Number of protein chains: 2
Amino acid sequence: MTELRIFPIVGIPEVRPGDDLASLLCAGVADQGEVLLTGDIVVITHKVVSKQEGRIVSIPTEAVYRQLVEDEAARIVRRRGDLVIAQTRHGFVCANAAVDRSNVEAGSAILLPIDPDRSAHRLRTLMERATGTSLGVIITDTFGRPWRRGLVDVAIGISGLPSVVDLKGTTDTHGNDLHVTEVAAVDEIAAAADLVMGKATGVPAAVVRGLSLSGNGRIADLIRPPEEDLFR
Amino acid sequence: MTELRIFPIVGIPEVRPGDDLASLLCAGVADQGEVLLTGDIVVITHKVVSKQEGRIVSIPTEAVYRQLVEDEAARIVRRRGDLVIAQTRHGFVCANAAVDRSNVEAGSAILLPIDPDRSAHRLRTLMERATGTSLGVIITDTFGRPWRRGLVDVAIGISGLPSVVDLKGTTDTHGNDLHVTEVAAVDEIAAAADLVMGKATGVPAAVVRGLSLSGNGRIADLIRPPEEDLFR
């Protein structure tokens, strides 16, 4: 029986460019009397990763912020008043091209990591080396959705995990083929971890324990190809 | 520190119209040596709820299925070939107006409950009475998303929970107002529970323990109003 345990990694200090984030995360786990185990998935909000990578820009005025959103957008999907839904260079479609002014000093904004999979891979390698385990890592951001109110966390970078869990070729309990069933497990894990992280609490990471998932997926494979996209 | 535990409710037999689903769920929990505790959130796939409510229809041919999708749709949002993205009478936007042919006998389809909040409320009341606890209940379905591949579970009916968790008026750790931050916690919980339920395993329910959420929300409040909807 699969049973999940999800616990936050607390006590991470404000992260600065060049900090050893992997060590901070491992120390945070240890400070709670826990150890990372093989199979654990470490989920981290991109904000601390972006800060560690120096992806912070000054936005002295609203006009500068607006221009930054335009610059970060590879494609504008919808625009209404000040609201811009845009596709980033990574392929993510979200508000303001993911340029974020929360959880950063006033007058600054945080950009996404340039290559979130590489960021995840680097963190995974360092944490695996420090702990002698085999891990998964998910870097998250908080996105709105069409049609439904409210924000949810999703995966924007992964390492050691499948991009989707493909049930093709399996059958349900009634023998029906599940021929088009791909589960976005990494997004479900990102959402689950957010439940213990929160937007206002300064907890930037969590551990999800109990899943047996491994793989070598790329976040790019979670992006719907343009020819399948009915909402361009 | 918030820590979550999520465990599946196993051993639920194939549900038939009129079955006492609340008792089946409580018995499933007890069979695992667990008891429901106040604050637990019981997450249930709508399929067993719909079966219990007799929301199963015969679809002898593909044409009958196609017509059923049209009939269930309150509004067609997009159409390409056989793929129909439609809004249901409840307001949910999803593939095939949520008419589902998996996890049901071949030649049949499952419809959504007519009033999923009421279904959730009834189950909650019965389970609370049986266990002397105060619970939350979420009924889920599995939806695709624009722009991102893969399916995730979302809430389609709730009881004893807030529709969104509103962080308005709170600040992040840098003192920035979180003035438009509403978290769709019930969708994050639905996604989290799916990680232990799965599409192919016949596990229709799970318990999420460790959150302190209560409220009196309606799923209708999670639907984005048309005037805010940029993807109609």
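Residues numbered from 1 in each chain as written. Chains lettered and ligands numbered in written order. Predicted model: local features only at pLDDT ≥ 70, side-chain atom pairs only at ≥ 80, totals over all residues.

Engineer: Even after reading the chapter, I still don't get the interface of chain A and chain B, so can you show me in this structure?
Structural biologist: For an interface, size is often stated in terms of accessible area lost upon the parts coming together. On the side of chain B, 59 residues touch chain A, which itself brings 59 residues to the contact. Element by element, the count of residues in the side of chain A that touches chain B is highest for helix α5 (residues 185-197) of chain A, at nine residues. Of the residues assigned to the side of chain A that touches chain B, the class counts are 31 nonpolar, eleven polar and 17 charged. With three bridges connecting them, strand β1 (residues 4-9) of chain A and strand β1 (residues 4-9) of chain B associate as antiparallel partners. What sits directly across from I6(A), in β1(B), is L4(B). (Contact = placed C-beta atoms within 7 Å. Helix = DSSP H or I, 4+ residues; strand = E, 2+ residues; numbered from the N terminus. Nonpolar A, V, L, I, M, F, W, Y, C, P; charged D, E, K, R; others polar. Pairing = 2+ DSSP bridges.)

Engineer: What is the right way to look at the sheet that holds strand β5 (residues 83-88) of chain B in this model?
Structural biologist: Each strand in a sheet pairs with another by means of backbone hydrogen bonds, the pair being arranged parallel or else antiparallel. All names here are of chain B. Strands sit in the order β4-β5-β6 across an open sheet of three strands; the sheet is antiparallel. Each edge of the open sheet is held by one strand with a lone partner, namely β4 (73-80) and β6 (93-95). Neighbouring strand axes in the sheet, compared pairwise and without regard to direction, differ in orientation by 30° on average. Inspection of the sheet shows β4 paired to β5 by six bridges, in the antiparallel sense. Bridging from a neighbouring strand, A73 pairs with T88 of β5. (Axes fitted to C-alpha atoms, helices over the stretch in contact; angles between N-to-C directions.)

Engineer: Would you explain the domain arrangement of chain A in this entry?
Structural biologist: Residues and elements named next belong to chain A. What the domain assignment reports for chain A is domain 1 (5-54 + 112-224) and domain 2 (56-111). A straight line from the C-alpha centre of domain 1 to that of domain 2 covers 23 Å. Between domain 1 and domain 2, the contact holds twelve residues from the first and eleven residues from the second. Residue assignment for the side of domain 1 that touches domain 2 shows that the elements contributing at least two residues are α2 (46-52) and β8 (136-143). Per-element accounting of the side of domain 1 that touches domain 2 gives the leading share, three residues, to α2. (Domains from an automatic or database assignment.)

Engineer: Explain the environment of T38(B) to me, please; I cannot follow it from the model alone.
Structural biologist: Structurally, T38(B) can be placed in the loop between α1 (21-31) and β2 (41-45). Sequence-wise, T38(B) and I85(B) are 47 residues apart; in three dimensions their C-alpha atoms are separated by 38 Å.

Engineer: What's the story with unusual backbone geometry in this structure? I'm lost.
Structural biologist: Trans is the common state for peptide bonds, and a negative phi is the common state for residues other than glycine. Positive phi outside glycine occurs at W147(A), with the angle close to 75°. Judged by the 22 C-beta atoms lying within 10 Å of it, W147(A) falls in the buried class. One non-glycine residue with positive phi stands out, namely A97(B), at about 50°. For A97(B), the position within the fold is in the loop between β6 and β7 (108-110). (Buried ≥ 20, exposed ≤ 12 C-beta atoms within 10 Å, placed from the backbone.)

Engineer: Looking at this structure, how should I read the packing of α1(B) against helix α4 (residues 116-131) of chain B?
Structural biologist: A packed helix pair is summarised by two numbers, namely the angle formed by the two axes and the spacing between the axes. Residues and elements named next belong to chain B. Close contact between α1 and α4 brings their axes to 9 Å; oriented N to C, the two are set at 50°. Judged on the interaxial angle alone, α4 and α1 are oblique. In the packing of α1 onto α4, the handedness of the crossing is right-handed. Contacts between α1 and α4 involve L21, A22, S23, L25 and C26 on the former and, on the latter, L123, L126, M127, A130 and T131. (Parallel < 35°, antiparallel > 145°, perpendicular 65-115°, else oblique. Left-handed = near helix turned anticlockwise from the far one by under 90°.)

Engineer: What exactly am I supposed to notice about the relation of the copies chain A and chain B here?
Structural biologist: The two chain copies are connected by a rotation around an axis plus a translation along it. Superposition of chain A onto chain B requires a rotation of 180° combined with a translation of 0.0 Å along the rotation axis, giving an RMSD of 0.0 Å. Interpreted geometrically, this transformation is the action of a two-fold axis. Counting the interface residues of chain A, we find that 100% of their copies in chain B are interface residues as well, pointing to one common contact surface. (Least-squares fit on C-alpha atoms with pLDDT ≥ 70 in both.)

Engineer: When you look at the sheet that holds strand β12 (residues 205-209) of chain A in this model, what are you seeing that I'm missing?
Structural biologist: Taken in spatial order, the ten strands line up as β9(A)-β8(A)-β2(A)-β12(A)-β1(A)-β1(B)-β12(B)-β2(B)-β8(B)-β9(B) in an open sheet, and their pairing is mixed. Looking along the sheet, the strands with just one partner apiece sit at the ends: β9 (152-159) of chain A together with β9 (152-159) of chain B. Across this sheet, the average inter-strand angle for adjacent strands is 25°, counted without regard to direction. Where β8(A) and β9(A) come together, seven bridges link them in antiparallel fashion. The residue of β9(A) that forms the bridge with I138(A) is I158(A). Lying over the sheet, helix α4 (residues 116-131) of chain A contacts β2 (41-45), β8 and β9 of chain A, oriented at roughly 70° with respect to β9(A).

Engineer: Please explain α4(B) as it appears in this structure.
Structural biologist: One turn of the α-helix equals 3.6 residues, which is why residues spaced by three or four share an orientation. All names here are of chain B. Taking 1.5 Å of rise per residue, 16 residues should cover 22 Å, and α4 covers 22 Å from first to last C-alpha, within 8% of that figure. Within α4, the full set of buried residues consists of P116, D117, S119, A120, L123, R124 and M127. Down the axis of α4, the smallest arc covering the buried residues is 155°, so these residues share one side. On its buried face, α4 is in contact with α1, β2, α2 (46-52), β8 (136-143) and β9. G132 occupies a position one or two residues after α4 and carries a positive phi of about 65°. (Expected span 1.5 Å × (residues − 1). Arc of directions from axis to C-beta.)

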